[in-house]
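# Results of the structural survey
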Amino acid sequence: TNRSRKKRIIEITSYAEVVLTSSAADEAHPAFSNLFIQTAVLEARHAILCNRRPRSEEEHTPWMFHSMKVHDADIENIAYETDRDQFIGRGYTINSPRVMKQKDPLSGSNGSVLDPVIAIQYRIVIEPQETAIVDMILGIADTKELMDMAWTHSQVILRQINAVEADAQLYSRLAASIIFSNALLRADVTTIMKNQRGQSGLWGYSISGDIPIVLLQIEDSAN
């Protein structure tokens, strides 16, 4: 949110290093492991696609993607980077990379790079008192085709439940608070400490207690 009286031009840059293998294999031979990663920039989808070239016919390798979307702001430029050396720069560090100090956009390199990363950079304009929403998305699938099917399936599901993208984002935030305990939505600590019963105390109400419990309070009977 731009709380000033002037329009602001800002850059938002994502960054992550690509592994696509077990942590043990990456830690044992990181440089060798990186040689098998291929990256591709999909400008039409504002995304980067990565996969690991199999070292044998029997090896099954997954695909991953990274996308960034900006809503409610004017976009001046979108740039991409998949080469870690290009991103950080000689003489710089990961905590203070060269791209954070240069005026030029990301180089857009992709393909077979020595040290693969995924980075997307947006330069956007936010007008006074306006708010922009930025979505950074990471995904992984067994095959590239499955990834395309997942996108199509998500659109079909939204249509079936008569929901729009904003609804889906709301549902995701609600789900996150259920799966990962949200302290802001829990009872006061003193109330929780008064509980003297265990999980078996729920069984008389036909509640197993094996999955998260949500207490919903309806304010209007019409709802």
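Structure's up top.
To continue, consider the overall build of the protein chain. In terms of regular secondary structure, the protein chain is built from 6 helices and 8 strands. Traced from its N-terminal end to its C-terminal end, the protein chain shows the element sequence β-β-α-α-β-β-β-β-α-β-β-α-α-α. The C-alpha radius of gyration computed for the protein chain amounts to 23 Å, which surpasses the reference 17 Å derived for 223 residues by more than 25%, pointing to a less compact arrangement than a globule. Counting only C-alpha atoms, the protein chain reaches 65 × 60 × 40 Å along its principal axes. Out of the 223 residues in the protein chain, the part that is buried amounts to 25%. Taking the intrachain contacts of the protein chain between residues at least 6 apart in sequence as the baseline, contacts between residues at least 24 apart amount to 70%. As displayed, the protein chain has an accessible area near 16,200 Å², and 53% of this comes from carbon and sulfur atoms. One way to put it: in the protein chain the 22 positive side-chain charges average out to a point 7 Å from where the 28 negative ones average out.

Our focus in this paragraph is the packing of aromatic side chains. Counting across every chain of the model gives 2 aromatic pairs. With centroids separated by 4.6 Å and ring planes inclined at 35°, the aromatic side chains of Y15 and F87 adopt a geometry described as tilted. Of the two residues, Y15 sits in the loop between β1 (8–13) and β2 (16–17) while F87 sits in helix α3 (residues 84–88), which places them 72 residues apart along the sequence. Judged by its relative accessible area of 27%, Y15 is partly exposed. A centroid spacing of 5.2 Å and a plane angle of 75° characterise the contact between F32 and F36, whose relative ring orientation is edge-to-face. Given a relative accessible area of 40%, F32 falls into the partly exposed group.

Rules used throughout
Residues numbered from 1 in each chain as written. Predicted model: local features only at pLDDT ≥ 70, side-chain atom pairs only at ≥ 80, totals over all residues. Heavy atoms only, no water. Helix = DSSP H or I, 4+ residues; strand = E, 2+ residues; numbered from the N terminus. Rg over C-alpha atoms; globule rule 2.2 N^0.38 Å. Buried < 20%, exposed > 50% of the residue type's maximum accessible area, 1.4 Å probe, protein only. Contact = heavy atoms within 4.5 Å. Areas by Shrake-Rupley, 256 points an atom, 1.4 Å probe, with all protein chains shown as cover. Lys, Arg positive; Asp, Glu negative; His and termini not counted. Charge placed at Lys NZ, Arg CZ, Asp CG, Glu CD. Phe/Tyr/Trp six-rings, centres within 6.5 Å; stacked < 30°, edge-to-face > 60°.

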